[in-house]
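Descriptive analysis of the structure
Read off the chains here:
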Amino acid sequence: MKRQARKRQEVLALVSNISSDSTPSSDTPFVGERIRELRHQKGVSQRELARRSGVTNGMISLIEQNKTSPSVALLKKVLSGFPMSLADFFSGVDEAESTPVFFAAHQLKVMDNGAIRFRQLGEQVLGRSMQIMTETYPPGADTGETMLSHESEEGGFVIRGQIEVTVGHQSTLLGPGDGYYFDSRLPHRFRNLGNDTCELISACSPPSF
């Protein structure tokens, strides 16, 4: 209850700021936290949010770090990049109080790119800093000739089958019980060259999508 009261006070403090510019320091840390949570939930980078909203990447970074308090006008502009109204933004103030902890199998988000199948855990968790998935590669499945690269770290274990993992200039074939861990900024690729389906459990921080 104390946490909810504190957040409501922060919201009122923000709404009372009706200037057209941002103030030097943030008296409403909830705002920065909430914007960062929304970005992660929707898989939007600071740079992409800046492009969509017309607010500089530097300003969004300052807001998220609670180094500046946005005016209502500036906040509305930032939220237009999701898009989201002020009402919807503030309606999520208490969402963290009921963040789910346990997930049934049917609650996992299922995605595929036509061949590879992903089942993601905890998509409903706002502000999550890691991504946990099971990945299924049927025979011949390949992440593509164009190597993947993104700002994070990732690792995983092979549960069944075999998968060829290429990271930079290194490449190896992994089987059940084998694992990998690398800086995702290095170009990487996953390929199932065998005749059996491969399944692995992976983690990535921060989430890549």
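Now for a look at the structure at hand. (Residues numbered from 1 in each chain as written. Predicted model: local features only at pLDDT ≥ 70, side-chain atom pairs only at ≥ 80, totals over all residues. Heavy atoms only, no water.)

1. Section: the sheet that holds strand β8 (residues 188-191)
Taken in spatial order, the three strands of this open sheet run β6-β5-β8, and their pairing is antiparallel. Edge positions in the open sheet fall to β6 (170-174) and β8, since each of these has one partner strand only. Direction aside, the axes of adjacent strands within the sheet are offset by 15 degrees on average. Across four bridges, the pairing between strand β5 (residues 163-167) and β8 is antiparallel. When the bridges of β8 are listed, V165 appears paired with F190. (Pairing = 2+ DSSP bridges. Helix = DSSP H or I, 4+ residues; strand = E, 2+ residues; numbered from the N terminus. Axes fitted to C-alpha atoms, helices over the stretch in contact; angles between N-to-C directions.)

2. Points about the pattern of salt bridges
This model, assessed by the stated rule, comprises seven salt bridges. The partner of E199 in a salt bridge is R160, and the shortest N-O contact between them spans 3.2 Å. With E199 in strand β9 (residues 198-205) and R160 in strand β4 (residues 153-160), this pair connects stretches of sequence that are 39 residues apart. Here D183 makes a salt bridge to R185, at a shortest N to O gap of 2.7 Å. Connected through shared salt-bridge partners, E48, R51 and R52 make up one network. (Salt bridge = Lys/Arg side-chain N within 4 Å of Asp/Glu carboxyl O.)

3. Here we look at the pairing of β6
Looking along a regular strand, one sees side chains alternate from face to face of the sheet. Across five bridges, β5 lies against β6 in antiparallel orientation. Within β6, the residue paired with I163 across the bridge is L174. Hairpin connection between β5 and β6: a loop of two residues separates the two successive antiparallel strands, and G168 in this loop has a positive phi of roughly 60 degrees.

4. Describing the nonpolar core
Ranked by size, the top nonpolar core spans 18 residues in total, and within it V31, I35, L49, L75 and F89 carry the most contacts. For this core, the secondary-structure elements that each account for two or more residues are α2 (29-42), α3 (46-53), α4 (57-64), α5 (72-79) and α6 (86-91). Residues Y137, V165, Y180 and L200 belong to the second largest nonpolar core, which totals 16 residues. (Core = buried A, V, L, I, M, F, W, Y, C linked by side-chain atoms within 4.5 Å. Buried < 20%, exposed > 50% of the residue type's maximum accessible area, 1.4 Å probe, protein only.)

5. Remarks on the packing of aromatic side chains
Here the distance between the centres and the angle between the planes together describe a pair of aromatic rings. Within the structure shown, the criterion is met by three aromatic pairs. Ring geometry for Y180 versus F190: centroids 5.4 Å apart, planes at 65 degrees, classification edge-to-face. Of this pair, Y180 sits in strand β7 (residues 179-183) while F190 sits in strand β8, and the two are ten residues apart along the sequence. One residue, R34, lies across the ring of F89, its end atom 5.6 Å from the ring centre. (Phe/Tyr/Trp six-rings, centres within 6.5 Å; stacked < 30°, edge-to-face > 60°. Lys NZ or Arg CZ within 6 Å of the ring centre and 35° of its normal.)

Remember, this is a structural readout, not a statement about activity or role.
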